[in-house]
Amino acid sequence: MAGEGEEKMLIYAMVARGTTVVAEQTVYEGNFRDIAAQCLQRLPYARDDRFTYACDGHTFTFLVHQGYAFCVVATDAAGREVPLAFLEMIKEDFNKRYAGGKAATAAANSLSRDFGPRLKEQMQYCMDHPEELSRLSKVKAQVSEVKGIMMENIDKVIDRGEHIDGLVTRTEQLHEQAADFRQQGTRIRRKMWFQNMKVKLIVLGIVVALILIIVLSICHGKCH
């Protein structure tokens, strides 16, 4: 299938709107473009996803995003992480340049002159820094996995009926109950204080009355 340059890891790249190739880049002879075009016909554009097809010692990796397909052809030696990292870089760069603009109405290959050199530059960068791209891909995969777990946990909470509004309602009820408890505690303490004062006043009154009785008895005895 391929001509010269099979030792290179990334050998062909292109961007398509649906099945229309709007930009492509390769410096090697071969039928990469024809096979990639056939793969475009099979891609499900209804959802964003990644797809890889294998053919004659090469991989055709596609990244589908919002109706666009980003493709790179690589030798098997490139593995899976470097091609995917390349496609992520190309997707971000392409969207920054053309999203909502030329890309939506671009004719076949009309962006190759402008974006083709960028494809070549990024392919060379990825071939020169495979270890760095591999690390970045692993980190991004771990982050995506954590996000997936978080969303799964949120879904489980919703499935149990633990809705956010219900949690807020229960929180407000707890606050109200705590306030009522504090108010009841204050009223009880005041009531106990008054009862204690009442008992003390009664005891004091009895003591005073006894003293008066004793004093009056002594005075009455002296008078006789």
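All of the points below concern the structure found in this document. (Residues numbered from 1 in each chain as written. Predicted model: local features only at pLDDT ≥ 70, side-chain atom pairs only at ≥ 80, totals over all residues. Heavy atoms only, no water.)

## A word on the side chain of Thr61
Part 1 of the argument: Counting through the fold element by element, Thr61 comes out in strand β4 (residues 58–65).
Part 2 of the argument: If we skip the residues at most four places from it in the chain, Thr61 touches Phe51, Thr52, Phe70, Cys71, Val72, Pro83, Leu84 and Leu87. (Helix = DSSP H or I, 4+ residues; strand = E, 2+ residues; numbered from the N terminus. Contact = heavy atoms within 4.5 Å.)

## A look at the state of the cysteines
Part 1 of the argument: Evaluated as defined, the whole model comprises 0 disulfides.
Part 2 of the argument: No disulfide involves Cys55; its sulfur sits 7.9 Å from that of Cys39, the nearest cysteine.
Part 3 of the argument: What makes Cys55 partly exposed here is its relative accessible area of 29%.
Part 4 of the argument: Cys71 carries a free sulfur, and the closest cysteine sulfur to it, the one in Cys39, is 7.1 Å from it. (Disulfide = S-S within 2.5 Å. Buried < 20%, exposed > 50% of the residue type's maximum accessible area, 1.4 Å probe, protein only.)

## Section: the pattern of salt bridges
Part 1 of the argument: For the structure on display, the rule yields 7 salt bridges.
Part 2 of the argument: Across the salt bridge formed by Arg118 and Asp93, the nearest N and O atoms sit 2.2 Å from each other. Of the two residues, Arg118 sits in helix α4 (residues 112–128) while Asp93 sits in helix α2 (residues 81–98), which places them 25 residues apart along the sequence.
Part 3 of the argument: The class of Asp93 is buried, set by a relative accessible area of 12%.
Part 4 of the argument: Within the structure, one salt-bridge network assembled from shared partners comprises Asp93, Arg97, Arg118 and Glu121. (Salt bridge = Lys/Arg side-chain N within 4 Å of Asp/Glu carboxyl O.)

## Re the environment of Tyr125
Part 1 of the argument: Structurally, Tyr125 can be placed in helix α4.
Part 2 of the argument: Separated by 39 residues in the primary sequence, Tyr125 and Phe86 place their C-alpha atoms 9.0 Å from one another.
Part 3 of the argument: Residues within four places of Tyr125 in sequence aside, it is in contact with Met89, Glu132 and Leu133.

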